[in-house]
Structure formats: C-alpha cells, structure tokens
Amino acid sequence: MTTILDKVLGRERVLVRENERALTLYKGEIKAVLLPGEHSLANRRGNLEASRHDLKNPEFVSAYEKALFDKLPDVAARHLTVVRTGRTEVAVIERDGNLHAALAPDRKLVLWTDAGPWKVTLVDTAVDLAIDPVLMRRLGQSRKTELMSVHPVVDGQAGLLFVDGVLVRTLSAGVHAFWNVGRMVQVKVVDLKRQSLDVAGQEVLTKDRVTIRVNIAAEYQVVDPVKAVSMVKDFSEALYRALQYAFRKTLGALTLDQILEKKVTVDEEAAAKVRADMAAIGVEVSDISLKDVILPGEMREILNQVVSAEKQAEANVIRRREETNATRSLLNTARVMAENPVMLRLKELEALETIAGKVERLTVHNGTGGLLNDIVKLRES
C-alpha cells in the first residue's frame, strides 16, 4: 500500500501475488519482471506502468515481448521458456507430466518458466510422419488433435499410405496416426476378404439377334493391394468391364434356344482372359457364373405359347398311347374268351353278381335256357 511518505519520495508500492508475475515500465521503457512480493518503485509524475500476468495462463503474450528480449535478455531467459519449431518440426510440449500443446512447424511459443516444469520434444516430420501410438492416445485424450490425422485399418484390410500422392508403405491392421503438417497424408483402405461382384441387367445380343438381359456374378479377392490400387483407377470397375466383355463374347455366339436349353457359363477362353487380366492388377477371380436370363416381354409371351403347345402335344401323345393300350387289352381279353367258353361264362357270372348286389330283386327269363342252362351243363359235367 502506497503511503504518504512514498508519495513524497515519488515512489509507489506494487504487490505481486504468488500466482502472478508483473512487467514494469518507467517512462515507457521496460525495466523489470517482478516476482511475488511487495515492491517499492520510483513513480515520479505517474510515469510507472505495471503489466500483470496470471500464471494460470502459462503462455506469455505481451506487446512488450520483443522489447523484453532485446533490452533485458538475461531477465527474459531467467523467467521465460521459448519453444521454436523448424520448417519440418513439430514440438510436443508437456507441463508437469501433462500434455500441454503440440506446436506446428515454423512457430514460436513463449511460456512462463515458473508455470512449469516444462518438457519439450521436437519431432522431425521429414524423417517420419507417423505418430507413436502412446502419443496418439495422449493427444486424443487431451483434445490436441489439430495436427494429426487418424486412420483405422481393421482385420482383413490393408492400408496404403500416400504422402503427397506418392505411395510410401502398406499399413497392417490397427489404428495409425500421422502428422498432417506441411504435406498431404492419405490412407486408402483395401478389403482383402473374398467378395462377390454382380453385373445386373447387362444387355446382350444373341446369335439369332434376340436382345436379352443377363445377371452375372463373380467371386474375387485382392491378393496384391499395391497393384490393385496403383495400376488401375478402380479394380472393381475393371473387373466389372471384363465380365461384360466375356459374357458378350460367350452369349453372342449362341442362339436363344441354346442359351435356354442349358445352364450357360462363360467359355474357358473368355474366363481365362478375365482371370489373367485381373491377376495382372493383383486381383484373383474364382467363380464366374450366369445367374439369370431375362427375356423381353413379347419374347416371354411367345415362349410361353410354344411351351404350352409342346405340353399339349405331349399330353395328346400320352392320351393316345393310353387309349391304344386299353384297346389292345380289350382285344386280348376278347380273344381269350372266344377260345375259352368257360372264361366267358365266368365273366358273365361276375357281371351278374355285380348287378345283383345293386338291386333288390333279379328276374331271369327263358328258364334255364341261355346263361343258366350253360351253368347247369357246367355243373353236370
């Protein structure tokens, strides 16, 4: 507290607390950095200025920074910690064991030394852009992720790392992080598992000039992700087009009847070409098959009529065959009865028995003549 004597002597008392530091200027000229305590300073005609800094914010930000380092370099070195990064460097700054900041290349950060202790680790991104997994997790937990990019690669996948458009290396399964400063980092993930590709609704002109649509399927697997990505723009699109060509060649050489008569697959020559072309770009093709053949509406109606006529003709043939067999059976029976009167009489008795079972009374005329007469003769003999 400034007293009357201080005013008479042209002095002023400045109190600096433990969590503070003060920068003093006299007549506009920087003089000192004050530590905690009470300080009696000359202040004639009110020419004393004091700029207070709370150590809760450990970064030194002041309009007098350059003047302090230029005029009082020893004082600045004693109270301030300066962190600088080069053109390709990143600085990882820790405060008392906790991550405080990640400083980008070509930057400077001035910290109050007493707000530490400080630990500064410089990383040269020109050597390797990869971030250690432990540091990656610490940066994420501290929400200091502005300078890094994270790329997960799961089991069954391969990650291809590109830096400034140039393939650098292949990444295995895991979570990978890289400094995204100064250079462009990209990771292209390629699935290595077996997959299927469908070519749906592909139009094909048959040998007899009928336009049909077919659905094609193929099983494939990427065995060399570097080739698959670097040699073609899109390997799945390349396979798609190869299948189109193969089936156009196969089905274009067949008539519609030939296609419908049997399950058509791509011919061996066309299939071999598809497999060879895809193997050259790191893709292994296994099964290739024709799933569906879709006919135009008018063609379906015509075929339905043809099939219906064929079935009707088959039914007529079967019916005539059955009638012929029945007639032949009756003829054989008549021949047997003509040669054997006893058999004829037995058939008559069977008929009579059947009739008698369906009526209450049966009247037989002509006495024992005819049928019954013959029966009596049979019994007497």
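Every value quoted in this text rests on a predicted model; they were computed, and no experiment measured them.

## Focus: the overall build of the chain
Within the chain, the regular secondary structure consists of 11 helices and 18 strands. Looking at the chain as a whole, 31% of its 381 residues qualify as buried. If you take every contact in the chain between residues at least 6 apart in sequence, the share linking residues at least 24 apart comes to 64%. Of the roughly 24100 Å² that the chain leaves accessible, carbon and sulfur atoms contribute 51%.

## Quick word on the packing of aromatic side chains
To describe a pair of aromatic rings, one takes the distance between the centres and the angle between the planes. All chains considered together, the criterion is met by one aromatic pair. Aromatic pair Phe60 and Trp112: ring centres 5.1 Å apart, planes at 85°, arrangement edge-to-face. Of this pair, Phe60 sits in the loop between strand 5 (48-54) and helix 2 (65-71) while Trp112 sits in strand 9 (residues 108-112); the two residues are 52 residues apart in sequence, bridging distant segments of the chain. A residue is classified by how much of its surface remains accessible, and Phe60, at 3% relative accessible area, is buried.

## Comments concerning the pattern of salt bridges
Tallied over the entire structure, the rule returns 12 salt bridges. Two residues, Asp191 and Lys193, come together in a salt bridge whose shortest N-O distance is 3.0 Å. Classification of Lys193 by relative accessible area gives partly exposed; the value is 43%. Where Glu237 meets Arg241, a salt bridge forms, and the shortest distance between an N and an O atom there is 3.1 Å.

## Quick look at a positive patch on the surface
Positive charge collects at one region of the surface, where Arg11, Lys27, Arg44 and Arg45 lie side by side. As for its position among the elements, Arg45 is in the loop between strand 4 (37-42) and strand 5.

## With respect to the packing of helix 6 (residues 235-252) against helix 8 (residues 268-279)
Two numbers describe how helix 6 lies on helix 8: the axes approach to 9 Å, and their chain directions differ by 165°. The orientation of helix 6 relative to helix 8 falls into the category roughly antiparallel. Crossing of helix 6 against helix 8: the hand is right-handed. Contacts between helix 6 and helix 8 pair Phe235, Ala238, Leu239, Ala242, Leu243, Tyr245, Ala246, Lys249 and Thr250 from the former with Glu269, Ala270, Lys273, Val274 and Met278 from the latter. Here the residues of the contact of helix 6 with helix 8 are counted per class, giving 10 nonpolar, one polar and three charged.

## Some thoughts on the sheet that holds strand 3 (residues 29-34)
With antiparallel pairing, the three strands of this open sheet are ordered in space as 3-2-5. Only two strands of the sheet have a single neighbouring strand rather than two, namely strand 3 and strand 5. Mean inter-strand twist for the sheet, computed between neighbouring axes without regard to direction, equals 20°. Bridge count for strand 2 (residues 20-26) against strand 5 is seven bridges, and the pairing is antiparallel. Opposite Leu23, over in strand 5, you have Ser51 as the bridge partner.

## Here's the deal with helix 8
An ideal rise of 1.5 Å per residue puts 16 Å on 12 residues; helix 8 measures up with 16 Å between its terminal C-alpha atoms. All of the buried residues along helix 8 are Ala270, Ala271, Val274 and Met278. Burial along helix 8 is one-sided: seen end-on, the buried residues are contained in an arc of 100°. Looking at helix 8, the residues exposed on the side facing more than 90 degrees away from the buried face are Glu268 and Glu269. Among the structural elements, helix 6 and strand 18 (283-294) are those in contact with the buried residues of helix 8.

So, how was this worked out
Residues numbered from 1 in each chain as written. Predicted model: local features only at pLDDT ≥ 70, side-chain atom pairs only at ≥ 80, totals over all residues. Heavy atoms only, no water. Helix = DSSP H or I, 4+ residues; strand = E, 2+ residues; numbered from the N terminus. Buried < 20%, exposed > 50% of the residue type's maximum accessible area, 1.4 Å probe, protein only. Contact = heavy atoms within 4.5 Å. Areas by Shrake-Rupley, 256 points an atom, 1.4 Å probe, with all protein chains shown as cover. Phe/Tyr/Trp six-rings, centres within 6.5 Å; stacked < 30°, edge-to-face > 60°. Salt bridge = Lys/Arg side-chain N within 4 Å of Asp/Glu carboxyl O. Patch = residues over 30% accessible without salt bridge, like charges linked within 9 Å, V, L, I, M, F, W, Y side chains within 5 Å. Lys, Arg positive; Asp, Glu negative; His and termini not counted. Charge placed at Lys NZ, Arg CZ, Asp CG, Glu CD. Axes fitted to C-alpha atoms, helices over the stretch in contact; angles between N-to-C directions. Parallel < 35°, antiparallel > 145°, perpendicular 65-115°, else oblique. Left-handed = near helix turned anticlockwise from the far one by under 90°. Nonpolar A, V, L, I, M, F, W, Y, C, P; charged D, E, K, R; others polar. Pairing = 2+ DSSP bridges. Expected span 1.5 Å × (residues − 1). Arc of directions from axis to C-beta.

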